[in-house]
Amino acid sequence: MTSERQDEKDREASARLPEDRNWIGTTGLQRRHVLTGGAFAAGFAAACRPVASSAVQTPGDGLTEENVSIAANDGFAMPAFVARPAGGKPAPVIVVVHEIFGVHEWIRDMCRRFARAGYYAIAPDLFARHGDATKVADFRQLVGTIVSKAPDTQVLADIDTTYAFAGGHGGDATRRGITGFCWGGRMVWLYAAHSADLNAGVAFYGRLVTDKTALQPLSVIEQVDRLKAPVLGQYGALDKGIPVADVHMMQAALAAAGKSPPDMIIVHEGADHGFMADYRPSYNEAAAKAAWDATLGWFGQYVKG
């Protein structure tokens, strides 16, 4: 690599806000936008409060909801939340991979939304071995003591186990989708490179270029050749942690590997990191609606069939 190219890569890397700082940049609710009190607001992770009044409460009528425990391959009892249509035949399984905040109320609500769309939605707590992410209010502490401790290999294996559990508890695990947000968006890309049994993924603002560590050695852009299922990436044009330059590099890598189509990336203009997160100031209603419609279309095509 030439020194000029290395200098360019170093500048690109320095321009990416770290995970914690990128989320901090989307805080700052005004009092009139705050949802105060009640069990609903209390269900959000400590690092996510105060909660914006735009936060959606999806009705649970017609759904079966439950907290479950999944026996992981190392014997760990991994907690998870399930929402699925009540009655009827087994529904296709969507694994919902949480943000850095763990399985809090917004992730549970996303499961309800998928359940209302006809899916068995399950959100495993992939941080549970390392602590309760919903209880940590400080972003840097959360990343340093919990998020950074979750090995890529463990997370991918836990998702494998989640599908196996769903298939034995009311889901149709022959039809598999996965979606995730922020930290979970990165895992969607990695899981699509890991599993030959996956039908499709939708990755929301998951990092494409990352600094490698001993526990998290995988960078998404380097896994493109290994993708085994079609992935729809959804990104915000204003995201300072995942600059559009990274998205363009990923699009070029997908095209060079012959993965695009079907793999594709949508960049939502005017949207920032976390634009789907209706409980935060970063929420962008227009982008979120377009992204949700695209998500249901993607899973409808590749998972429901």
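On a predicted model such as this, the values are computed, not experimentally measured, just so you know.

Things to note about the environment of A166
As for its placement among the helices and strands, A166 is situated in helix α6 (residues 152–168). Taking the C-alpha atoms as reference points, A166 and P90, separated by 76 residues in sequence, lie 9.7 Å from one another.

Focus on the sheet that holds strand β4 (residues 77–85)
The 8 strands lie next to each other as β3-β4-β6-β5-β7-β8-β9-β10, forming an open sheet whose pairing is mixed. Among the strands making up the open sheet, the edge pair consists of β3 (63–71) and β10 (264–268). Adjacent strand axes in the sheet meet at a mean angle of 20 degrees when their direction is disregarded. Direction of pairing for strand β5 (residues 91–97) relative to strand β7 (residues 171–181): parallel, over a ladder of 7 bridges. Across the sheet, residue V96 finds its bridge partner in β7, namely T179. Across the sheet, helix α8 (residues 244–256) lies against β9 (231–236) and β10, angled at about 160 degrees from β10, the strand it touches most. Seen against the sheet, helix α9 (residues 285–304) touches β5, β7, β8 (200–204), β9 and β10 and runs at an angle of roughly 165 degrees to β8.

Brief notes about α8
Helix length check: α8 (13 residues) gives 18 Å between terminal C-alpha atoms against 18 Å at 1.5 Å per residue, within 8%. Every buried residue of α8 is accounted for by D246, V247, M250 and L254. Viewed end-on, α8 has its buried residues packed into an arc of 100 degrees, placing them on one side of the element. Here the buried face of α8 lies against α7 (183–194), β9 and β10. In the stretch just after α8, G258 is the one whose phi turns positive, near 75 degrees.

Topic: the packing of aromatic side chains
One pass over the structure, following the stated rule, counts 16 aromatic pairs. With a centroid separation of 5.7 Å and an interplanar angle of 55 degrees, the aromatic rings of W106 and Y279 are classed as tilted. Here W106 is found in helix α4 (residues 105–116), whereas its partner Y279 is found in the loop between β10 and α9, with 173 residues between them in sequence. This pair shows no difference in class: W106 is buried, exactly as Y279 is. Chaining the aromatic ring pairs together yields one cluster made of F40, F44, W106, F181, F204, Y205, F275 and Y279. The residue whose ring lies beneath K304 is Y119, and the NZ or CZ to ring-centre distance is 4.8 Å.

A look at the pattern of salt bridges
Taken as a whole and assessed by the stated rule, the structure comprises 16 salt bridges. Here E105 ties to R112 by a salt bridge, and the two come within 2.8 Å at their closest N and O atoms. The exposure class assigned to E105 is buried, which follows from its relative accessible area of 9%. Judged by relative accessible area, which is 10%, R112 ranks as buried. Residue D293 is joined to K289 by a salt bridge in which the shortest nitrogen-to-oxygen separation is 3.1 Å. Residue D293 and its partner K289 are located together in helix α9, separated by 4 residues, close to a single helical turn. Ionic contacts of the salt-bridge type, sharing partners, join the residues E65, E105, R108, D109, R112, R113 and D278 into one network.

Points about the pairing of β9
Among the 6 residues that make up β9, 6 are buried, leaving the element largely enclosed by the rest of the structure. Residues V231, G233 and Y235 line one face of β9 and the alternating positions L232, Q234 and G236 line the opposite face, and both faces are buried. Two strands pair when backbone bridges link them, and β8 and β9 are joined in this way by 4 bridges, in the parallel orientation. For V202, the partnering residue across the bridge sits in β9 and is L232. Relative to β10, β9 is paired through 5 bridges, and the arrangement is parallel. The residue of β10 that forms the bridge with G236 is H268. The parallel pair β9 and β10, bridged by α8, forms a crossover whose chirality is right-handed.

Brief notes about the environment of T145
The residue T145 is located in helix α5 (residues 139–145) in this model. Taking relative accessible area as the criterion, T145 reaches 39% and is therefore assigned partly exposed. Remark: the alpha-carbon pair of T145 and G131, spanning 14 residues in sequence, is separated by 8.1 Å. For T145, the side chain forms a polar contact with the main-chain oxygen of Q141, separated by 2.6 Å.

Basis of the calculations
Residues numbered from 1 in each chain as written. Predicted model: local features only at pLDDT ≥ 70, side-chain atom pairs only at ≥ 80, totals over all residues. Heavy atoms only, no water. Helix = DSSP H or I, 4+ residues; strand = E, 2+ residues; numbered from the N terminus. Pairing = 2+ DSSP bridges. Axes fitted to C-alpha atoms, helices over the stretch in contact; angles between N-to-C directions. Contact = heavy atoms within 4.5 Å. Expected span 1.5 Å × (residues − 1). Buried < 20%, exposed > 50% of the residue type's maximum accessible area, 1.4 Å probe, protein only. Arc of directions from axis to C-beta. Phe/Tyr/Trp six-rings, centres within 6.5 Å; stacked < 30°, edge-to-face > 60°. Lys NZ or Arg CZ within 6 Å of the ring centre and 35° of its normal. Salt bridge = Lys/Arg side-chain N within 4 Å of Asp/Glu carboxyl O. Right-handed = clockwise from strand over helix to strand, strands pointing away. Polar contact = N/O pair within 3.5 Å; in protein donor to acceptor, adjacent residues only side chain to side chain.

In short, shape yes, function no, at least from these values alone.
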